[in-house]
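# Descriptive analysis of the structure
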Amino acid sequence: LTMVRDKSGTPLTITVPSPEGPVKANVWRCQVGRTPLYLLDCDHEENNPAARAITAQLYGGDHETRVRQEVMLGMGGVMVMQALNIHPTTYHMNEGHAAFMTLQRIKDVMHEQQLSFDHALESVKAGSVFTTHTPVPAGNDMFEPGLVDRYFRNYCNEVGISFDRLLRLGRQNPDDIHEPFCMTVLAL
């Protein structure tokens, strides 16, 4: 396990937006045979104690902790690929935990290619694959709209969509305002 460094030897970090302010994560590389595995570590000196704990325990904490972890995994994962100058043609989500990567990719495609949200969404769909090994309700993270709003209201403003439009992407029945936001539905 080695810390990833930039060309100047400085530890590579990414910064992910959060309602409490930016969260920094160090990037570590674990070589598994011929495959590099990149890990994010929020135990960064510039983070507050709550942010430092995001990556401290897998599946730990309450719903807010889970959202924070899944934002770091999904959106932060895309940022790591960009920082490493790795440009996958296809992104794979194993379970819904990394599904927020689709939102980061949509935002990036909009910016890079000057596309509308809808066109960027179609582009990201074409380059995304989803698999699950836990096809039971307990294996699908669901979040109340208020919690999603806390973490994605600014995102909606940045990409020019309503918050309702975002919620619809994570609901089996997009018209059911009482249905929580489901990560598996977003991934699909």
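Residues numbered from 1 in each chain as written. Predicted model: local features only at pLDDT ≥ 70, side-chain atom pairs only at ≥ 80, totals over all residues. Heavy atoms only, no water.

### Notes on the nonpolar core
In this structure, Phe100, Phe117, Phe152 and Leu166 are the most contacted members of the largest nonpolar core, which totals 50 residues. Broken down by element, the residue count for this core peaks at eight residues, all from helix α2 (residues 63-83). Not counting the four nearest positions on each side in its chain, Phe117 is found in contact with Ile106, Met110, Tyr155, Val159, Ile161, Arg165 and Leu169. (Core = buried A, V, L, I, M, F, W, Y, C linked by side-chain atoms within 4.5 Å. Buried < 20%, exposed > 50% of the residue type's maximum accessible area, 1.4 Å probe, protein only. Helix = DSSP H or I, 4+ residues; strand = E, 2+ residues; numbered from the N terminus. Contact = heavy atoms within 4.5 Å.)

### A closer look at the packing of aromatic side chains
This model, assessed by the stated rule, comprises three aromatic pairs. Between Phe100 and Phe152 the ring centres are 4.6 Å apart and the planes differ by 40°, which places this aromatic pair in the tilted class. In this pair, Phe100 is assigned in helix α3 (residues 100-113) and Phe152 in helix α5 (residues 145-159), connecting sequence segments 52 residues apart. The class of Phe100 is buried, set by a relative accessible area of 1%. Note on Phe152: relative accessible area 1%, which makes it buried. Each ring, one from Phe100 and one from Phe181, has its centre 6.3 Å from the other, and the planes form 15°; the classification is stacked. Taken as a pair, Phe100 in helix α3 and Phe181 in strand β8 (residues 181-182) lie far apart in primary sequence, 81 residues in all. (Phe/Tyr/Trp six-rings, centres within 6.5 Å; stacked < 30°, edge-to-face > 60°.)

### Brief notes about the pairing of strand β2 (residues 13-16)
In β2, alternate side chains face the same way, and those of Ile14 and Val16 are buried while those of Thr13 and Thr15 on the opposite face are not. Where β2 and strand β3 (residues 23-32) come together, four bridges link them in antiparallel fashion. Its bridge partner lying in β3, Val16 is registered against Val23. Hairpin geometry of β2 and β3 is characterised by an intervening segment of six residues between the two adjacent antiparallel strands and by a positive phi of about 120° at Gly21. (Pairing = 2+ DSSP bridges.)

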